[in-house]
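# Structural description and commentary
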Amino acid sequence: MQFNTYTVAGAHVAVWLVNNPVPRARDLTATLRGHDVHEPAATDANALALRPWAIRLREVFEAPAVPQKAGLADALLAAADCRPRLVSHGEGQPFHLHYAPVRTGLAPRVRALTAAGLAHVIDSGWGARLRTCDRPGCGTAFLDTSRNGRRHFCSVRCANQVNVATHRRRQRQHMAAEA
Ligand SMILES: [Zn+2]
Ligand SMILES: [Zn+2]
């Protein structure tokens, strides 16, 4: 699977939104622009309107297995009123999918885009790669784009913290056994 296509951009935006559930308008704009979203300029009202959506997106990442993730993502497609259209922004410009018309406004477009992105990842057989970090108390969502798909932590920092904790626990057990 190519994780950098525009189709998967929605999944990357979903990850960002889950991890930034109270975004500033300009950060939201920068993220959308970074994923080639058309007319990405967001207002504070747009950012505010997406808060409940970020909570629903998180449920997909936290769901324990693919069938639950798929059920939740399917419900998001319906809730976002996702209607894919093939669009070109001018003669000679490439055609690509829009999941809601530009005139519906930014928040509905982000809802449709993120629902479609997660659905596309699951459709491609990669649903198990929509995850949250295994470090207790972290909760950061990520799309595992690693080759073997066995990434457990959001960052090297979280992986190191858990490894150090595991190592200390083993050491304690070892010392207890020798005492
Ligand atoms: Zn476009
Ligand atoms: Zn983490």
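Note: the structure precedes this text.
Residues numbered from 1 in each chain as written. Chains lettered and ligands numbered in written order. Predicted model: local features only at pLDDT ≥ 70, side-chain atom pairs only at ≥ 80, totals over all residues. Heavy atoms only, no water.

Our focus in this paragraph is the environment of Pro94. Tracing the chain through its elements places Pro94 in the loop between β1 (85-87) and β2 (96-98). Since its relative accessible area comes to 56%, Pro94 is described here as exposed. Sequence spacing of Pro94 and Thr29 is 65 residues, and the spatial spacing of their C-alpha atoms is 22 Å. If we ignore the near neighbours within four places in the chain, the residues touching Pro94 are Val87 and Ser88. (Helix = DSSP H or I, 4+ residues; strand = E, 2+ residues; numbered from the N terminus. Buried < 20%, exposed > 50% of the residue type's maximum accessible area, 1.4 Å probe, protein only. Contact = heavy atoms within 4.5 Å.)

Taken together, Cys133 (SG), Cys138 (SG), Cys154 (SG) and Cys158 (SG) make up the full set of protein donors to the zinc ion (ligand 2), lying 2.3 to 2.4 Å away. Its four donor atoms give the zinc ion (ligand 2) angles of 106 to 116 degrees at the centre, a pattern that matches the tetrahedral case. Written as a sequence motif, the donor arrangement for the zinc ion (ligand 2) is C-x4-C-x15-C-x3-C. Residue classification places Cys154 among the partly exposed positions, given a relative accessible area of 21%. Taking relative accessible area as the criterion, Cys158 reaches 3% and is therefore assigned buried. (Donors = N, O, S within 2.8 Å, 3.2 Å for Na, K, Ca; no water. Tetrahedral: all angles 85-135°; square planar, octahedral: opposite > 155°, others 65-115°.)

All right, on to the packing of aromatic side chains then. Ring pairs (aromatic) are described by centroid distance and by the angle formed between their planes. Evaluation of the coordinates by the stated rule reveals zero aromatic pairs. Geometry around Phe142 places Arg151 over its ring, the cationic atom sitting 4.3 Å from the centre. (Phe/Tyr/Trp six-rings, centres within 6.5 Å; stacked < 30°, edge-to-face > 60°. Lys NZ or Arg CZ within 6 Å of the ring centre and 35° of its normal.)

What follows concerns a nonpolar patch on the surface. A cluster of nonpolar side chains, namely Leu86, Phe95 and Leu97, defines an oily patch on the protein surface of about 340 Å² accessible area. Looking at the secondary structure, you find Leu86 in strand β1. (Patch = residues over 30% accessible without salt bridge, like charges linked within 9 Å, V, L, I, M, F, W, Y side chains within 5 Å. Areas by Shrake-Rupley, 256 points an atom, 1.4 Å probe, with all protein chains shown as cover. Salt bridge = Lys/Arg side-chain N within 4 Å of Asp/Glu carboxyl O.)

Next up on the list: the coordination of the zinc ion (ligand 1). For the zinc ion (ligand 1), the full set of protein donor atoms is His89 (NE2), His96 (NE2) and His98 (NE2), at a range of 2.0 Å. In terms of primary sequence, the donors binding the zinc ion (ligand 1) are separated according to H-x6-H-x1-H. On the accessibility criterion, His98 (8% relative accessible area) is buried.

All right, on to the pattern of salt bridges then. With the rule as written, the count across this model stands at four salt bridges. Note that Arg24 and Asp27 form a salt bridge whose closest N and O atoms lie 3.1 Å from each other. Exposure remark for Arg24: the relative accessible area of 47% places this residue in the partly exposed category. Arg131 serves as the salt-bridge partner of Asp144, at 3.0 Å between the closest nitrogen and oxygen. Remark: Arg131 occurs in strand β3 (residues 130-132) and Asp144 occurs in the loop between β4 (141-143) and α7 (156-178); sequence separation between them is 13 residues. Overall, Asp144 belongs to the buried group, its relative accessible area being 0%. Accessibility expressed as a relative area gives 18% for Arg131, which makes it buried.

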